[in-house]
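Tertiary structure, described
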Amino acid sequence: MKQHFDIAVFEGDGIGPEIMKPTLEILAHLSEAGAYRLDFNVVPAGAAHYAQTGESLPAASMTTARASDAILLSAMGLPTVRYDDGTEISPQIDLRKALTLFAGVRPVRVLPGQLTPLNMPDDKEVDFVLIRESTEGLFHTQGRGEVTKDEARETLLITRDISEKLFRFAFGMANDRKAQGRGKGRVTCVDKANVFRAFAFFREIFDAEAAKHPDLITDHAYVDATALWFVLKPWEFDVLVTENMFGDILSDLGAGLMGGLGVAPSADIGLDHAVFQPCHGSAPDIAGRGIANPMTMILSGAMMLDWLGLRHEAPALVADGIRLREAVETVIARGGVLTADLGGSASTQDAADAVMAHLEIA
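Residues numbered from 1 in each chain as written. Predicted model: local features only at pLDDT ≥ 70, side-chain atom pairs only at ≥ 80, totals over all residues. Heavy atoms only, no water.

Describing helix 1 (residues 16–33)
The first and last C-alpha atoms of helix 1 sit 26 Å apart over 18 residues, in line with the 26 Å expected at 1.5 Å per residue. By the burial criterion, the buried members of helix 1 are Gly-16, Ile-19, Met-20, Pro-22, Thr-23, Leu-24, Ile-26, Leu-27, Leu-30 and Ser-31. (Helix = DSSP H or I, 4+ residues; strand = E, 2+ residues; numbered from the N terminus. Expected span 1.5 Å × (residues − 1). Buried < 20%, exposed > 50% of the residue type's maximum accessible area, 1.4 Å probe, protein only.)

Regarding the packing of helix 1 against helix 10 (residues 315–334)
Remark: helix 1 packs on helix 10, axes separated minimally by 11 Å, with the N-to-C direction vectors making an angle of 135 degrees. Taken as axis vectors, helix 1 and helix 10 run oblique relative to one another. Between helix 1 and helix 10 lies a crossing of right-handed hand. Mapping the contact onto sequence places Ile-26, Leu-27 and Leu-30 in helix 1 and Asp-320, Arg-323 and Leu-324 in helix 10. (Axes fitted to C-alpha atoms, helices over the stretch in contact; angles between N-to-C directions. Parallel < 35°, antiparallel > 145°, perpendicular 65-115°, else oblique. Left-handed = near helix turned anticlockwise from the far one by under 90°. Contact = heavy atoms within 4.5 Å.)

Concerning the packing of aromatic side chains
Using the criterion set out here, one finds eleven aromatic pairs in the structure. Ring centres 6.2 Å apart and planes at 85 degrees place the aromatic pair Phe-199 and Phe-202 in the edge-to-face group. A residue pair is termed a helical-turn pair when its members lie 3 or 4 positions apart in one helix, as Phe-199 and Phe-202 do in helix 6 (residues 197–210) at three residues. Here Phe-199 and Phe-202 have matching classes, each one buried. Within the aromatic cluster, the residues linked to one another by ring pairs are Phe-167, Phe-171, Phe-196, Phe-199, Phe-202, Phe-206 and Phe-246. Of note, Arg-132 hangs over the ring of Phe-139, and the distance from its end group to the ring centre comes to 5.2 Å. We note Lys-233 situated over the ring of Trp-229; from NZ or CZ to the ring centre the distance is 5.0 Å. (Phe/Tyr/Trp six-rings, centres within 6.5 Å; stacked < 30°, edge-to-face > 60°. Lys NZ or Arg CZ within 6 Å of the ring centre and 35° of its normal.)

Side note on the nonpolar core
Ranked by size, the top nonpolar core spans 87 residues in total, and within it Leu-324 and Val-355 carry the most contacts. If one sorts the elements of this core by residue count, helix 9 (residues 295–311) sits on top with ten residues. Setting aside residues up to four positions removed in sequence, Leu-324 forms contacts with Ile-26, Leu-27, Leu-30, Ile-298, Gly-301, Ala-302, Leu-305, Val-355 and Leu-359. Of all hydrophobic cores here, the second largest spans 14 residues; its members include Ala-8, Leu-73, Leu-95 and Val-275. (Core = buried A, V, L, I, M, F, W, Y, C linked by side-chain atoms within 4.5 Å.)

Describing the sheet that holds strand 3 (residues 70–73)
The strand order across the open sheet built from ten strands is 2-1-3-12-11-4-5-10-8-9, with neighbouring strands paired in mixed fashion. With partners counted over all chains shown, the strands left at the sheet margins are strand 2 (37–42) and strand 9 (217–222), one partner each. Across the sheet, the mean angle separating the axes of adjacent strands is 25 degrees when strand polarity is ignored. In this structure, strand 1 (residues 4–10) lies alongside strand 3, joined through four bridges in parallel fashion. Within the sheet, the bridge partner assigned to Ile-7 lies in strand 3 and is Ala-70. This element, helix 1, spans strand 1, strand 2, strand 3 and strand 12 (274–278) of the sheet and lies at about 155 degrees to strand 2. (Pairing = 2+ DSSP bridges.)

As for the pattern of salt bridges
Proximity of charged atoms lets side chains of opposite charge pair with each other. On inspection of all chains with the given rule, the structure shows 22 salt bridges. Between Arg-177 and Asp-127 there is a salt bridge whose closest N-O contact spans 3.5 Å. Highlighted residues: Arg-177 in helix 5 (residues 160–179) and Asp-127 in strand 5 (residues 127–133), separated in sequence by 50 residues. Of the two residues examined, Arg-177 and Asp-127, each falls in the buried class. Close ionic contact of Arg-186 with Asp-219 constitutes a salt bridge, the shortest N to O distance being 2.5 Å. Separated by 33 residues along the polypeptide, Arg-186 in strand 8 (residues 186–191) and Asp-219 in strand 9 bring together distant segments of the chain. For the pair shown, Arg-186 and Asp-219 are each scored as buried. Taken together, the shared-partner salt bridges in this structure form one network comprising Arg-109, Asp-127, Arg-177, Arg-182, Asp-238, Arg-325 and Glu-329. (Salt bridge = Lys/Arg side-chain N within 4 Å of Asp/Glu carboxyl O.)

Focus on helix 8 (residues 244–257)
If you check helix 8, its first and last C-alpha atoms are 20 Å apart, about what 14 residues at 1.5 Å a residue would give, namely 20 Å. Buried within helix 8 are the following residues: Asn-244, Phe-246, Gly-247, Leu-250, Ser-251, Gly-254, Ala-255 and Leu-257. The buried residues of helix 8 occupy one face: seen down the axis, they fall within an arc of 165 degrees. For helix 8, the capping residue at the N-terminal end is Glu-243, with a side-chain oxygen 3.0 Å from the backbone nitrogen of Met-245. (Arc of directions from axis to C-beta. Polar contact = N/O pair within 3.5 Å; in protein donor to acceptor, adjacent residues only side chain to side chain.)

Description of a nonpolar patch on the surface
Side chains of Leu-228, Val-231 and Leu-232 sit close together on the surface and give an oily, nonpolar patch of about 280 Å² of accessible area. Residue placement: Leu-228 occurs in helix 7 (residues 223–232). For Leu-228, a relative accessible area of 47% corresponds to the partly exposed category. (Patch = residues over 30% accessible without salt bridge, like charges linked within 9 Å, V, L, I, M, F, W, Y side chains within 5 Å. Areas by Shrake-Rupley, 256 points an atom, 1.4 Å probe, with all protein chains shown as cover.)

Structural notes on the side chain of Thr-242
Looking at the secondary structure, you find Thr-242 in strand 10 (residues 239–242). Its relative accessible area of 0% is what places Thr-242 among the buried residues. For Thr-242, the side chain forms a polar contact with the main-chain oxygen of Val-190, separated by 2.8 Å. Those residues in contact with Thr-242, other than ones at most four positions away along the chain, are Leu-130, Ile-131, Arg-132, Glu-133, Leu-166, Val-190, Phe-202 and Gly-247.

All quantities given are derived from atomic positions and should not be read as evidence of function.
Here you go:
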């Protein structure tokens with residue numbers, strides 16, 4: 001059983017380094033106290049690096065990422081730093097495509113005591129996972145779209161190979177959540193099959209995989225209706241799976257249900273590699289002030305521990321991933337040490353210290 005793990009670390013832009021630093025401190029603390037070892041290898045990438053060198057994702061950084069057991073990536077990109085075609089610097093998307101990280105995992109969980117715009121019934125709980133295909137879809141021609149004086153075109157791509165992998169992953173997650181008592185064993189395919197042949201194809205592949213799981217509930221939903229139901233009855237969902245662009249939009253809506261992107265972690269997972277990162281941007285307007293919310297980065301670290309533990313049959317990592325997630329949830333529920341985006345006045349370090357303190361006494 002593997003006990004030593006190399007982690008590639010991309011510190012990011014804007015507030016990225018500020019939220020990565022306490023996250024690494026917490027993960028190092030867990031590693032030192034646990035039956036495993038995490039080695040962090042910090043490598044350059046991002047908009048600031050591009051502005052200085054002309055490279056957004058150096059070949060050496062990609063080599064380190066490929067050789068690592070997991071990748072931690074903080075918020076990347078700066079609105080004022082762009083490629084010549086006007087698009088933003090986004091090495092995180094380059095990593096997804098290069099490493100075939102087809103499953104973008106976006107948990108949505110409204111915690112007790114958590115600020116939410118929802119009018120939540122007392123007997124309901126929001127705890128679902130949106131799985132976004134992350135390598136093709138409408139992002140297929142990213143940076144390569146056709147633009148003329150009078151029109152612009154991008155191409156949506158859905159392949160059987162990636163879709164089959166994506167749906168196997170989604171049904172596997174639904175099975176795992178059901179076994180843990182966290183889900184209903186329900187998988188919803190989100191598409192626009194009533195308009196686009198590509199999504200009818202997507203749905204057909206989903207149905208073929210669904211037939212292999214008679215013990216699970218399966219259904220379909222159009223993306224526009226799903227956006228409505230996210231607001232009206234999000235507690236009905238368990239696992240949802242969708243195309244890249246639809247998932248990009250719905251994941252931010254899901255973060256809104258939780259009170260904002262400051263508590264919205266994510267993972268992009270393939271057969272051999274995985275990247276763990278916050279859903280939010282680099283917030284350059286508050287960079288350097290020490291007030292950024294570190295919770296999403298910390299929760300992404302917890303997702304990394306869980307993934308590593310399951311992948312390598314290392315229960316200590318799984319247990320620490322759960323402990324870390326629960327520590328963040330407890331700090332948020334108590335409400336005494338929250339950053340400004342969650343209604344408090346705590347600093348980045350104060351919020352991270354509160355998580356660390358809970359881990360030490362738990």
